[in-house]
Amino acid sequence: NAGVIQTPRHKVTGKGQEATLWCEPISGHSAVFWYRQTIVQGLEFLTYFRNQAPIDDSGMPKERFSAQMPNQSHSTLKIQSTQPQDSAVYLCASSLGQGTGQLYFGEGSKLTVL
Amino acid sequence: TQTVSQSDAHVTVFEGDSVELRCNYSYGGSIYLSWYIQHHGHGLQFLLKYYSGNPVVQGVNGFEAEFSKSDSSFHLRKASVHWSDSAVYFCAVSATSGSWQLIFGSGTQLTVMP
């Protein structure tokens with residue numbers, strides 16, 4: 001079991017560029033979550049999918065952020081026109097389908113916007 | 001609205017000491033409570049969770065937590081800490097119905113001195 005895999009681990013973009021972050025959940029897990037972590041805001045929920053369908057995107061900024069799960073083996077988080085305030089560690093997690101409060105996290109993708 | 005409060009931002013102890021990390025929550029319905037550990041530069045790892053039954057739950061690496069409905073608390077304890085326990089610890093709450101998102105506390109940095 002390789003765990004949740006996130007790529008890239010580090011990404012540096014210039015202001016206004018696009019950033020795409022990838023997540024491969026644990027095989028057999030049906031739910032995928034995205035969180036953003038910063039020193040100031042802590043861990044913020046962004047969105048999650050269940051069986052590839054978007055279920056709750058209440059934490060997603062309304063502009064520039066989008067997430068997709070085109071198949072059961074990967075999810076992407078895309079940030080258009082990146083801004084310095086988007087700099088953060090983006091964490092992906094997966095869980096079995098029961099919603100038991102137990103998530104398996106990847107190592108995170110650290111995004112730095114210059 | 002679910003909230004999670006971790007009142008201690010930093011806790012410092014010596015190796016071999018016992019430690020308690022505090023967590024209080026606010027939520028009116030049925031919930032899961034859990035604790036996660038995050039070593040610097042890595043993702044979060046699940047330690048333990050509580051849903052019902054025995055209010056004291058055992059986790060990995062000698063950690064345990066005790067649920068108290070009257071105090072709305074779910075404190076994490078370890079009888080004898082090791083230097084490798086130095087990390088940030090997050091308490092989390094999630095509803096048993098509806099959205100599966102976890103709401104995290106702000107975290108407690110535990111430093112174990114040799």
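Overview of the structure. Numbering of residues starts from 1 in each chain and follows the order in which that chain's sequence is written. Chains and ligands are labelled sequentially in the order written, the chains with letters from A and the ligands with numbers from 1. pLDDT decides what is reported in this predicted model: residues at 70 or higher carry local features, side-chain atom pairs at 80 or more are listed and counted, and totals for whole chains, interfaces and linings draw on all residues regardless. Processing note: side-chain calculations cover all non-hydrogen atoms of the structure and skip hydrogens and water entirely.

## Thoughts on the interface of chain A and chain B
Reasoning step 1: The contact rule is simple, with two residues in contact once any of their heavy atoms fall within 4.5 Å. At the junction of the two partners, chain A supplies 23 residues and chain B supplies 18 residues.
Reasoning step 2: By buried area we mean how much accessible surface two parts lose on assembly, using a 1.4 Å probe and totalling the loss over both. The junction of chain A with chain B conceals about 1,800 Å² of combined surface from both sides, 54% of it contributed by carbon and sulfur atoms.
Reasoning step 3: Interface area lost by chain A to chain B is led by A:Leu43, A:Gly101 and A:Phe105, which between them contribute 26%.
Reasoning step 4: By convention in these notes, a salt bridge is any Lys or Arg side-chain nitrogen within 4 Å of a carboxyl oxygen on Asp or Glu. Counting across the chain A and chain B interface gives zero salt bridges.
Reasoning step 5: Any pair of N or O atoms that falls within 3.5 Å is considered a polar contact. Within protein, one atom must be able to donate a hydrogen and the other to accept it, and sequence-neighbouring residues count only if both atoms are side-chain atoms. Joining chain A to chain B, the criterion identifies nine residue pairs in polar contact (both at pLDDT 80 or more).
Reasoning step 6: Elements supplying a minimum of two residues to the side of chain A that touches chain B: β4 (31–38) and β5 (42–50) of chain A.
Reasoning step 7: Residue composition of the side of chain A that touches chain B, by class: ten nonpolar, nine polar and four charged. Only DSSP runs of H or I with at least four residues qualify as helices, and only runs of E with at least two residues qualify as strands; both kinds are numbered from the N terminus onward. Classes in brief: Ala, Val, Leu, Ile, Met, Phe, Trp, Tyr, Cys and Pro nonpolar; Asp, Glu, Lys and Arg charged; the others, Gly included, polar.

## A word on the pattern of salt bridges
Residue and element names in this part refer to chain B.
Reasoning step 1: Applying the stated rule across the entire model yields six salt bridges over all chains.
Reasoning step 2: In this structure, the salt-bridge partner of Arg 77 is Glu 66, at a minimum N-O distance of 2.9 Å. Placement of the pair is Arg 77 in strand β9 (residues 73–78) and Glu 66 in strand β8 (residues 63–68), with a sequence separation of eleven residues.
Reasoning step 3: For the exposure calls, accessible area comes from a 1.4 Å probe over protein chains only, and a residue counts as buried if that area is under 20% of its type's maximum, exposed if over 50%, partly exposed in between. Overall, Arg 77 belongs to the partly exposed group, its relative accessible area being 23%.
Reasoning step 4: Each of the salt bridges in this network shares a partner with another, and the network as a whole consists of Glu 64, Glu 66 and Arg 77.

## Quick notes on the sheet that holds strand β1 (residues 5–7) of chain A
Residues and elements named next belong to chain A.
Reasoning step 1: Any two strands with at least two DSSP-identified bridges between them are counted as paired. Taken in spatial order, the four strands make up an open sheet running β1-β3-β8-β7, and their pairing is antiparallel. The open sheet has two edge strands with one neighbour each: β1 and β7 (65–71). For this sheet, the mean inter-axis angle between neighbouring strands, taken without regard to orientation, is 20°.
Reasoning step 2: As paired elements, strand β3 (residues 19–24) and strand β8 (residues 74–79) share five bridges and run antiparallel to each other. Note on β8: the bridge partner recorded for Leu 21 is Leu 77. Note on definitions: angles span 0 to 180 degrees between N-to-C directions of axes, and those axes are lines fitted to C-alpha atoms, for helices only across the stretch in contact.

## Some thoughts on the pairing of strand β9 (residues 88–95) of chain A
Residue and element names in this part refer to chain A.
Reasoning step 1: Where burial is concerned, most of β9 is hidden: seven out of the eight residues are buried.
Reasoning step 2: Examined bridge by bridge, β4 and β9 share seven bridges and lie antiparallel to one another. Counterpart to Tyr 35 in the pairing with β9 is Leu 91.
Reasoning step 3: Taken together, the three bridges between β9 and strand β11 (residues 109–113) define a ladder with antiparallel strand orientation. Bridging from a neighbouring strand, Ala 88 pairs with Leu 111 of β11.

## Some details on the state of the cysteines
Throughout this description, disulfide means a covalent bond between two cysteine sulfur atoms.
Reasoning step 1: For this text, the term disulfide refers to a pair of cysteine sulfurs within 2.5 Å. The tally for this structure, following the rule as stated, stands at two disulfides over all chains.
Reasoning step 2: A sulfur-sulfur separation of 1.8 Å characterises the disulfide bridge that pairs A:Cys23 with A:Cys92. Across the disulfide from A:Cys23 to A:Cys92, rotation about the S-S bond amounts to roughly -65°, and the bridge is consequently left-handed. Of this pair, A:Cys23 sits in strand β3 while A:Cys92 sits in strand β9, placing them 69 residues apart in sequence.
Reasoning step 3: A relative accessible area of 0% places A:Cys92 in the buried class.
Reasoning step 4: Here B:Cys23 pairs with B:Cys91 through a disulfide, and the sulfurs are 2.0 Å apart. Where B:Cys23 bonds to B:Cys91 through sulfur, the torsion about that S-S bond is close to -65°, and the disulfide is left-handed. Note that B:Cys23 is positioned in the loop between β3 (19–21) and β4 (24–26) and B:Cys91 in strand β10 (residues 87–95), a separation of 68 residues in sequence.

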